[in-house]
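Structural description and commentary
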Amino acid sequence: PAEREAAKARIAELLKARDAVLVAHYYVDGDLQDLALATGGIVADSLEMARFGRDHAAKTLVVAGVRFMGESAKILSPDKRVLMPDLDATCSLDLGCPADEFAAFCDAHPDREVVVYANTSAAVKARADWMVTSSCALAIVEHLKNQGRKILWAPDRHLGRYIQEQTGADMLMWNGACIVHDEFKGLELDLLKREHPGAMVLVHPESPASVVAQADVVGSTSQLLNAVIRGDAPAYIVATDNGILHRMRQLAPGKTLIEAPTAGNSATCKSCAHCPWMAMNALQGVLACLEHGAGEITVPEPTRAQALGCIERMLDFVQ
Ligand code: 13P
Ligand code: SF4
C-alpha cells in the first residue's frame, strides 16, 4: 500500500508537469479511477471518454481503458499525444471483427448504412457511416430507421439484437460478442432475483437476451451507475463488469450491490465478470507513460481521417 500511495503521488505530479490528463473507464482498477478524478480527469463510459478527450486542453491524454478508446481519442485529437498503460489491452469485439473481413461484408451489402460499435479498430471505423456507443445506439438506429435506411450492424450480436427488438429496424448483423457480458446467465439470474425480491436488475446490453429480458434498466455503464444513484430500491443486481462497483459504492454508499451470476453456481463465483484487458491497466503502466512516453497510440493516415467521419457524426447527433 505504501508503494501504491507513492506511485499515485508521483503520477499526480507528472500529470501536471507533462500537461497531461487521465481519462479512465469504470472497469479499470479503482485506484486509477480515483486518481483520474482527483487530478482533474474523468471516469466515464466510452462516449463520455471520447468527448472529454476531444474537449480537454491538455497536450497529452493518458487513456486507461482498452485500445479502441485510445484510438478514438487519437482519431478525434491528432495533435494530442495519446498514451495507454498497456498497448496489448484489446477487446474481444475488436478482435472478432478483422478489417478485411468486415470490408468484404460491407462490399457485399452496399445498400445498407454501416453502423459500428465503438469497440472496433480504427480500420473498421474507416468503413463505417456511423459509430455508436451503448448509450446512444438505440437513438441513432431509431433515427436511421425513421429515414427508411436498412442497416449493416457490427460487431456485437447481443447489443444488435436488443436494438433490433426495440426499434424494429432492418439490421444485418456481424456475429461478435464481449467475452465478459456473454457469460451472464439468465437462469441463474432468475434464481438470484428470487433470493432478492426487492432488488432492481441493471444490465449492460452486451449481455445475452435471457439476461436483458429480466432487466429493470438496460444501458451503458454511466446509465447503470445513474440508475443506482437515483433508484429508490435498497438493492441492485448488476450485470456488467464488476469494475464498476467501485464507483457505484462511492456514489451510492447505502445501497446493496450484488454481482449478476456468470456461472452455474452464483454462490461460488464471486468475481467472474471482469475484463482481462481492462485489468491490464495498472499504476506502473501509467507511470511508464508519464515517465518515458511509453504506450503511445498512433493511427496512420488516411485511416484516421476516414474513421473520423463516423465518430463526428455520432457526436453531432448526441451533442
Ligand atoms: P460503455 O460505453 O457502456 O462504457 O461500455 C463500453 C464497454 O464495453 C467497455 O468495455
Ligand atoms: Fe471488450 Fe467486453 Fe472487455 Fe468491454 S468488457 S473491453 S466489451 S471484452
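Computed from a prediction, not measured in an experiment: that's the story for all the values here.

**A closer look at the overall build of the protein**
On a plain count of helices and strands, the protein comes out with 15 helices and 12 strands. Over its C-alpha trace the protein gives a radius of gyration of 19 Å, about what one expects of a compact globule, namely 20 Å for 319 residues. Referenced to the eigenvectors of the C-alpha coordinate spread, the extents of the protein come out at roughly 50 × 50 × 30 Å. Considering the protein as a whole, with its 319 residues, one finds that 49% of them fall into the buried category. For the protein, long-range pairs separated by at least 24 residues make up 63% of all intrachain contacts whose partners lie at least 6 apart in sequence.

**A short note on the site of ligand 1**
Every residue lining ligand 1 is accounted for by H25, Y27, D45, S46, N119, T133, S134, E206, S220 and T221. Split into classes, the residues belonging to the shell around ligand 1 amount to one nonpolar, seven polar and two charged.

**Some points on the sheet that holds strand β6 (residues 130–132)**
With respect to topology, four strands assemble into an open sheet ordered β6-β5-β7-β8, the strand pairing being parallel. Looking at strand neighbours, the two that pair on one side only are β6 and β8 (171–173), the edges of this open sheet. With strand direction ignored, the average angle separating the axes of adjacent strands in the sheet is 30 degrees. One ladder, built from four bridges, connects strand β5 (residues 113–117) with strand β7 (residues 151–154); its direction is parallel. What sits directly across from V114, in β7, is L152. Helix α8 (residues 137–146) contacts β5, β6 and β7 of the sheet and is inclined by roughly 145 degrees relative to β6. In this fold helix α9 (residues 157–167) packs onto β5, β7 and β8, with an angle of close to 165 degrees to the strand it touches most, β8.

**Comments concerning the pairing of strand β3 (residues 60–64)**
Most of β3 sits inside the fold, with four of its five residues counted as buried. As paired elements, β3 and strand β4 (residues 81–83) share three bridges and run parallel to each other. Bridge pairing links V62 to L83 in β4. Assessed by its sense of winding, the connection that carries the chain from β3 through helix α4 (residues 67–76) to β4 is right-handed.

**Side note on the site of ligand 2**
In the neighbourhood of ligand 2, 13 residues make up the surrounding shell, with V66, C91, C178, V180 and C275 lying closest. Classifying every residue of the shell around ligand 2 by side-chain character gives nine nonpolar, two polar and two charged.

**Some points on the confidence of the model for the protein**
Per-residue confidence for the protein gives a mean pLDDT of 96; residues scoring 70 or more make up 97%. Among the scores for the predicted complex, ipTM is 0.98 and pTM is 0.96.

**Examining the packing of helix α3 (residues 46–55) against α4**
Direction vectors running N to C along α3 and α4 enclose 35 degrees, while the axes themselves pass 9 Å from each other. The chirality of how α3 crosses α4 is right-handed. Contacts between α3 and α4 involve S46, M49, A50, G53 and R54 from the first element and M69, S72, A73 and L76 from the second. Residues of the contact of α3 with α4, tallied by class, amount to five nonpolar, three polar and one charged.

**A short note on the domain arrangement of the protein**
If you check the domain split of the protein, you get domain 1 (2–89 + 278–300), domain 2 (93–178) and domain 3 (181–268). Taking only C-alpha atoms into account, the centre of domain 2 sits 26 Å from that of domain 3. If you look at the interface, domain 2 gives 10 residues, while domain 3 gives 14 residues. Considered class by class, the residues forming the side of domain 2 that touches domain 3 number four nonpolar, four polar and two charged.

**Let's talk about the packing of α4 against helix α15 (residues 303–318)**
Interhelical geometry of α4 versus α15 gives an angle of 95 degrees and a closest axis separation of 9 Å. With respect to their mutual orientation, α4 and α15 come out roughly perpendicular. Contacts between α4 and α15 involve S72, I75 and L76 from the former and R304, A307, L308 and I311 from the latter. Counted by class, the contact of α4 with α15 contains five nonpolar, one polar and one charged residues.

Conventions used here
Residues numbered from 1 in each chain as written. Chains lettered and ligands numbered in written order. Predicted model: local features only at pLDDT ≥ 70, side-chain atom pairs only at ≥ 80, totals over all residues. Helix = DSSP H or I, 4+ residues; strand = E, 2+ residues; numbered from the N terminus. Rg over C-alpha atoms; globule rule 2.2 N^0.38 Å. Buried ≥ 20, exposed ≤ 12 C-beta atoms within 10 Å, placed from the backbone. Contact = placed C-beta atoms within 7 Å. Near = placed C-beta within 6 Å. Nonpolar A, V, L, I, M, F, W, Y, C, P; charged D, E, K, R; others polar. Pairing = 2+ DSSP bridges. Axes fitted to C-alpha atoms, helices over the stretch in contact; angles between N-to-C directions. Right-handed = clockwise from strand over helix to strand, strands pointing away. pLDDT = per-residue confidence, 0-100. Left-handed = near helix turned anticlockwise from the far one by under 90°. Domains from an automatic or database assignment. Parallel < 35°, antiparallel > 145°, perpendicular 65-115°, else oblique.

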